[in-house]
Amino acid sequence: MKIIKTIKEIHQLIISLQKEGKKIGFVPTMGALHEGHLSLVKSSVAENELTVVSVFVNPTQFNNKKDLEKYPRNFEQDFSLLSQNACDIVFAPSDNEMYPEKDKRIFDFGNLDKVMEGKHRPGHFNGVGQIVSKLFEAVPANSAYFGLKDFQQLAVIQEMVRQLKIDIKIVPCPIIREENGLAMSSRNELLTKEQRDEASFIFETLSEIKKLSATKSVEEIEAWGLAKIKEYKNFNLEYLEIVDNKTLNTVTNWQTGNGISACVAIFAGEVRLIDNIQIKD
Ligand code: AMP
């Protein structure tokens, strides 16, 4: 496994591999890797001749400085996990390499970055757009793998690729969960054992919402979900929204052609957890 730190070197290598006709898969990550990330790597390895994984904690997508400082970093372990999982190339640039000067890329994602995460994390998706567009320039792969765990991020990236006409296939991958149902996340490392155990209620609630959608209205389910989450005194709900899969607008009934998901953001102390479930596809 090759570890590359500069844009110039990775770009030249990818271009020369593509000239040889190699099919390349790309998995962008912020490190602190877990089975969720590795499932993306496995999909890329299965579907491509070469897999590139980037490990870069992107400062521009953190709207909260403390969150950026606390974000877990474990590069040596990441590299070893990637090498054990058949990754061919790791791209691990420095902040300076990705942002040599104040970056001015500004995106207009319409409604997609105004709701849910966008409403509560101002600037977050513009930061995601900045880094992912730069990474796609550095690593012009055939396909890029993203987790449905970050449901809204996936919608934003698909929109960015459409707007910038980037020639890359975006491959959505299912959410990988811990045994108790908690969606795997690098941030789970920051939870206490008690918080981690109790956080199983998040997926239980989402699963129940999906079940209830067969017999109850959106309004009834929202009220039920809010009351349920309130029962967990060690957690604070930021939002619970039932949205159209394409527009991300909240829905008022189950009739839409685009599919429907329930999305939540919940604080366990200072740790922010997000999760979602597809109710209708
Ligand atoms: P991150 O390092 O958090 O930026 O995540 C890198 C990629 O891994 C993103 O596409 C995430 O959606 C994906 N990912 C993170 N956690 C999971 C999970 N539990 N299941 C599937 N994909 C995930």
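Residues numbered from 1 in each chain as written. Predicted model: local features only at pLDDT ≥ 70, side-chain atom pairs only at ≥ 80, totals over all residues. Heavy atoms only, no water.

## Re the overall build of the protein
Selection rule: Helix numbers and strand numbers start at the N terminus; a helix is a DSSP run of H or I with at least 4 residues, a strand a run of E with at least 2. The reference for a compact globule is 2.2 Å times residues^0.38; the radius of gyration itself is calculated from the C-alpha atoms. The contact criterion used is simple: two residues touch if any of their non-hydrogen atoms lie within 4.5 Å. Per-residue accessibility takes into account occlusion by the displayed protein chains alone, with areas from the Shrake-Rupley method and a 1.4 Å probe.
A tally of regular secondary structure across the protein gives eleven helices and nine strands. At 19 Å, the protein has a C-alpha radius of gyration in line with the 19 Å of a compact globule built from 281 residues. Across its three principal directions, the C-alpha atoms of the protein cover 55 × 40 × 40 Å. Look at the contacts in the protein between residues 6 or more apart in sequence, and 72% of them connect residues 24 or more apart. As displayed, the protein has an accessible area near 13500 Å², and 50% of this comes from carbon and sulfur atoms.

## Some words on the sheet that holds strand β7 (residues 235–244)
Backbone-to-backbone hydrogen bonds join strands into a sheet, with any given pair of strands oriented parallel or antiparallel. Selection rule: Pairing between strands requires that DSSP locate at least two bridges from one strand to the other. What counts as an axis is a line fitted to C-alpha atoms, over the stretch in contact for a helix, and the angles between N-to-C directions run from 0 to 180 degrees.
Across the sheet, three strands lie side by side as β7-β8-β9; this open sheet has antiparallel pairing. Two strands bound the open sheet, and with one partner strand each, they are β7 and β9 (271–280). Within this sheet the neighbouring strands show an average axis-to-axis angle of 15 degrees, counted without direction. Here nine bridges tie β7 to strand β8 (residues 260–268), and the two strands are oriented antiparallel to one another. Across the sheet, residue E241 finds its bridge partner in β8, namely C263.

## Focus on the site of the ligand
What counts, and what does not: Think of it this way: one heavy atom of a residue within 4 Å of a molecule or strand is enough to make that residue near it. Think of a polar contact as two N or O atoms within 3.5 Å of one another; within protein, one of them needs to be a possible hydrogen donor and the other a possible acceptor, and neighboring residues in sequence only count if both atoms come from side chains. Three residue categories are used. Nonpolar comprises Ala, Val, Leu, Ile, Met, Phe, Trp, Tyr, Cys and Pro, charged comprises Asp, Glu, Lys and Arg, and polar comprises the others, including Gly.
Around the ligand lies a shell of 16 residues, among which M30, H37, D150, I176 and M184 are the nearest. In the model, a nitrogen atom of the ligand is placed 2.9 Å from a nitrogen or oxygen of the I176 main chain. In the model, a nitrogen atom of the ligand is placed 2.8 Å from a nitrogen or oxygen of the M184 main chain. Taken by itself the ligand offers 480 Å² of open surface, and the protein chains cover 93% of this. Listed by contribution, the elements that provide at least two residues to the shell around the ligand are β2 (24–29), α2 (35–47) and β5 (143–147). Of all the elements, α2 adds the most residues to the shell around the ligand, at three residues. By residue class, the composition of the shell around the ligand is nine nonpolar, five polar and two charged.

## Considerations on α2
Two residues of an α-helix separated by three or four positions point the same way, owing to the 3.6 residues in each turn. The criterion, for reference: A helix's residues, less one, multiplied by 1.5 Å, set its expected span. Think of it in three bands: with a 1.4 Å probe and only protein chains considered, a residue is buried below 20% of the maximum accessible area for its type, exposed above 50%, and partly exposed in between.
When the terminal C-alpha atoms of α2 are compared, their 18 Å separation across 13 residues agrees well with the 18 Å that a helix rising 1.5 Å per residue should span. All buried positions along α2 are accounted for by G36, H37, L38, S39, L40, V41 and S44. Next to the buried residues of α2 lie β2, β3 (50–55), α4 (75–84), β5 and β6 (169–173).

## Comments concerning the pairing of β2
In summary, the side chains of a regular strand alternate between the two faces of the sheet. For the record, the criterion: By convention, orient the strands away from the viewer: a clockwise path from the first strand over the helix to the second makes the crossover right-handed.
Most of β2 sits out of view: six of its six residues are buried. Where β2 and β3 come together, six bridges link them in parallel fashion. Within β3, the residue paired with I24 across the bridge is L50. Crossover β2 to β3 through α2 is right-handed.

## As for the packing of helix α7 (residues 124–138) against helix α8 (residues 151–164)
Convention followed: Oblique is the label for any angle not covered by the other classes, which are roughly parallel (under 35 degrees), roughly antiparallel (over 145) and roughly perpendicular (65 to 115). Each helix crossing is assigned a hand: it is left-handed if the near helix lies turned anticlockwise from the far helix by less than a right angle, otherwise right-handed if that turn is clockwise.
Between α7 and α8, the least distance of the axes is 10 Å, while the angle of their chain directions is 55 degrees. Put simply, α7 runs oblique to α8. Handedness of the α7/α8 crossing: right-handed. Contacts between α7 and α8 pair F125, V128, G129, V132, S133 and F136 from the former with Q152, Q153, V156, I157, M160, V161 and L164 from the latter. Tallied by class, residues from the contact of α7 with α8 come to nine nonpolar, four polar and no charged.

## Observations regarding the packing of helix α10 (residues 200–212) against helix α11 (residues 218–230)
Where α10 contacts α11, the two axes come as close as 10 Å, and the packing angle between them is 160 degrees. It follows that α10 is roughly antiparallel to α11 by the angle criterion. The handedness of the crossing between α10 and α11 is right-handed. Side by side, α10 and α11 meet where F201, T205, E208, I209 and L212 of the first sit next to I221, W224, G225, K228 and I229 of the second. In terms of residue class, the contact of α10 with α11 is made up of six nonpolar, two polar and two charged.

## A short note on the pairing of β6
Pairing between β5 and β6: five bridges, direction parallel. Note on β6: the bridge partner recorded for Y145 is V171. In this region the chain leaves β5, passes through α8 and returns to the parallel neighbour β6; the handedness of that crossover is right-handed.

## So, the pattern of salt bridges
Put simply, the rule reads: For salt bridges, the criterion is a side-chain nitrogen of Lys or Arg within 4 Å of an Asp or Glu carboxyl oxygen.
Summed over all chains, the structure comprises 18 salt bridges. Where K66 meets E270, a salt bridge forms, and the shortest distance between an N and an O atom there is 3.5 Å. Taken together, the residues K66 in helix α3 (residues 65–70) and E270 in the loop between β8 and β9 connect sequence positions 204 residues apart. The partly exposed category is assigned to K66, whose relative accessible area is 48%. Among the ionic contacts, a cluster of salt bridges with common partners joins D67, E117, R121, R187, E238 and R272.

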